[in-house]
Amino acid sequence: MTAEKIRYYFDHNATTEVRPEVIEAMLPCLGKFYGNPSSVHSFGRDARNLLEVSRETVAKLINADTDEIFFTGCGTESDNIALAGCISAADNTKNGLVTTKVEHSAILKTAEVLKTRGIPVALAGVDGSSRIRLDELKTLTGGNTILVSVMHANNETGVVQDIQAAAAVAHEAGAFFHTDAVQSAGKKVIDVKAMNIDMLSMSGHKINAPKGTGVLYIKKGVPVKPLTFGGSHERGIRPGTENIPGIVAFARALEIAVAEINGKKEKLSALVRRLESGIEAEIDNVYFNGRDAERIAGTSNVSIPGVDGEALLFSLDMAGIAASTGSACSTGEVEPSHVLVAMGREPKVAQSSLRFSMGYGSTEEGVDKILEVLPPTVKRLRSISGGL
Amino acid sequence: MYSDKVMDHFENPRNVGGMDKPDGIGKQGNPVCGDVMEIAIKVKNNVIEEAKFKTFGCCAAIATSSMVTELVKGKSLEEAELISKQAVADALDGLPPAKMHCSNLAADALHDAILDYKEHHKG
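Structure report, in brief. (Residues numbered from 1 in each chain as written. Chains lettered and ligands numbered in written order. Predicted model: local features only at pLDDT ≥ 70, side-chain atom pairs only at ≥ 80, totals over all residues. Heavy atoms only, no water.)

Within chain B, the regular secondary structure consists of 5 helices and 3 strands. Helices and strands appear in chain B in the N-to-C order α-β-β-β-α-α-α-α. Taking 2.2 N^0.38 as the reference for a compact globule, 123 residues should give roughly 14 Å; the C-alpha atoms of chain B span a radius of gyration of 13 Å, in line with that estimate. The principal-axis extent of the C-alpha atoms belonging to chain B is close to 45 × 25 × 25 Å. (Helix = DSSP H or I, 4+ residues; strand = E, 2+ residues; numbered from the N terminus. Rg over C-alpha atoms; globule rule 2.2 N^0.38 Å.)

If you want it as structure tokens, here you go:
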């Protein structure tokens, strides 16, 4: 009987496993609490209770009011409703959108589509560490801007943006401020009141809850029109029978994540330091994208000139290590990582980049495995490219 | 995603490296995905005696350039000119559709090398 090969997962920014405590919390929803929260009878009331308790839990964790929390199907959906829904509710004199060049495609693609519909859209650039240029944001945000959207933490580099400063820029121009907090929720403390945030997106499967649940926080008074239509669920913002198991799981997962923020930060920062210093010691001519900016703990993005990211990924995968890359060939996209390019990396260097993202269950043993496999792989692939 | 043959050529590529005094060099790049390949050939009596390659690119890029150097060795220039991207892909037991452009690159780099040889050995 062959032993199962040991695998090490370093792609937590892509998705995460569901934690046992979260599974435990959601199982009754798959069992006896199957009622429809909209039903009048006791089955419905039980489900409705679970829904509202979860809502209250999530609200408290980001210091929002309970009725400012809306459950969606995912982070992408939350981003879509925030952007397109807010623009849709705006009038023609003030309907512009300002966002950044390093946002997730859920934001950028939505912005692109809005632009084709005649909405003024502007993208602020970033510096060499992928921090947004606030002066540029300020220049682009004007009297006709209704919404500014800046992500809290970048999924590729982990870099944290100064969203309080960005929110101030928005408010000064009389615009609302949205942040895509999909990568930062459960890793950075979020207080929507103190940070003056008008809308915020979160995603369950990034915080050890199952795929299929997102959250959109909308501050009272921010007009948002729904993108889909049907019943009156989620006050009409996102109709459809609520995913009770997913929602209960989300609330529990966020609760655990927020409680563990400090411990996790310490542990994951140490693992990243171990990884990055090990890589630097063993491989010459490498650089870490975003390292000199504040990053959420656990993300390391490294460019290794002379080798293709996909080739690196495959070699790592054959050794049981799961990571990610922004190179064109591997994602099926035509362009190399827009984030790295926006930071000033040449496309070829962006092509040569790897992302390791750590989380629940990541160990020193896993990091050491990367350090065992990566240097000889780079050496081999660099000898094949021979300076090309 | 990849056939065993592709993985074999990726893990154990044949004919890697540069050549001392090549008779022809061909270089091709794909601006879309950033792959770059360089193929060098040694020709004697109209036959390709030796072929070497350098490649910056994904698994398929490395495998196709490795395979193309294997396919040409011992072939006449005329036979080598007929090697197509499909022939390279077939020799590797197939490539995913998204990666066919890599085999295209390898075949083009080879033809480029042959052209280069012909330019320098006219008459």
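All names here are of chain A. Taken together, the 3 strands give an open sheet; going across it, the order is β9-β10-β12, and neighbouring strands pair in antiparallel fashion. If you trace the sheet from one side to the other, it starts and ends with β9 (287-288) and β12 (353-357), each paired once. Taken strand by strand, helix α8 (residues 261-282) contacts β9, β10 (299-303) and β12, and its axis lies near 15° from that of β10. (Pairing = 2+ DSSP bridges. Contact = heavy atoms within 4.5 Å. Axes fitted to C-alpha atoms, helices over the stretch in contact; angles between N-to-C directions.)

Our focus in this paragraph is the interface of chain B and chain A. In this complex, chain B contributes 25 residues to the contact, which on the side of chain A involves 21 residues. Of the roughly 1,800 Å² buried between chain B and chain A on both sides combined, carbon and sulfur atoms contribute 71%. Along the contact surface separating chain B from chain A lie 1 salt bridge. For K99 of chain B, the salt bridge goes to E310 of chain A, with nearest N and O atoms at 3.1 Å. One can count 7 residue pairs in polar contact (both at pLDDT 80 or more) joining chain B with chain A. Broken down by element, the side of chain B that touches chain A gets its largest block of residues, 4 residues, from strand β3 (residues 47-56) of chain B. Of the residues belonging to the side of chain B that touches chain A, the class tally is 15 nonpolar, 4 polar and 6 charged. (Buried area = accessible area lost by both parts, 1.4 Å probe. Salt bridge = Lys/Arg side-chain N within 4 Å of Asp/Glu carboxyl O. Polar contact = N/O pair within 3.5 Å; in protein donor to acceptor, adjacent residues only side chain to side chain. Nonpolar A, V, L, I, M, F, W, Y, C, P; charged D, E, K, R; others polar.)

Right, let's get into helix α1 (residues 20-30) of chain A. Residues separated by three or four positions in an α-helix point in the same direction, a consequence of the helix having 3.6 residues per turn. Among the residues of α1 of chain A, those classed as buried are V22, M26 and C29 of chain A. Relative to the axis of α1 of chain A, the buried residues are bounded by an arc of 25° and lie together on one face. (Buried < 20%, exposed > 50% of the residue type's maximum accessible area, 1.4 Å probe, protein only. Arc of directions from axis to C-beta.)

What follows is about the sheet that holds β3 of chain B. All names here are of chain B. Read from one edge of the open sheet, 3 strands run β1-β2-β3, paired in antiparallel fashion. Either end of the sheet is taken by a strand with one partner, and the two such strands are β1 (24-29) and β3. Strand after strand, the sheet turns through a mean of 15° between neighbouring axes, direction not considered. Where strand β2 (residues 36-44) lies against β3, 9 bridges are found, and the strand directions are antiparallel. Bridge pairing in β3 links I41 to A51.

Let us now look at the packing of helix α9 (residues 309-318) of chain A against helix α13 (residues 364-385) of chain A. All names here are of chain A. Remark: α9 packs on α13, axes separated minimally by 10 Å, with the N-to-C direction vectors making an angle of 135°. Taken together, the axis directions place α9 and α13 in an arrangement best described as oblique. α13 is crossed by α9, and the crossing has right-handed handedness. In this structure, α9 uses A311, L312, S315 and L316 to contact α13, whose residues at the interface are V373, L374, T377, V378, R380 and L381. Split into classes, the residues belonging to the contact of α9 with α13 amount to 7 nonpolar, 2 polar and 1 charged. (Parallel < 35°, antiparallel > 145°, perpendicular 65-115°, else oblique. Left-handed = near helix turned anticlockwise from the far one by under 90°.)

Further remarks concern a nonpolar patch on the surface. On the surface, a cluster of nonpolar side chains totalling about 280 Å² of accessible area is made up of I23, L27 and L30 of chain A. Relative to the elements of secondary structure, I23 of chain A occurs in helix α1. (Patch = residues over 30% accessible without salt bridge, like charges linked within 9 Å, V, L, I, M, F, W, Y side chains within 5 Å. Areas by Shrake-Rupley, 256 points an atom, 1.4 Å probe, with all protein chains shown as cover.)

This paragraph deals with the pairing of strand β8 (residues 214-218) of chain A. Residues and elements named next belong to chain A. Within β8, 5 of the 5 residues are buried, leaving the element largely enclosed by the surrounding structure. Here 4 bridges tie strand β2 (residues 69-72) to β8, and the two strands are oriented antiparallel to one another. If you follow I69 over to β8, its bridge partner there is Y217. Summarising the sheet, strand β7 (residues 199-203) and β8 pair through 5 bridges and their orientation is antiparallel. Bridge pairing in β8 links L200 to Y217.

Residue and element names in this part refer to chain A. Structurally, A122 is set in strand β4 (residues 121-124). Look at A122 and you get buried, because its relative accessible area is 18%. When neighbours within four sequence positions are excluded, A122 is seen to be in contact with L97, V98, T99 and L140.

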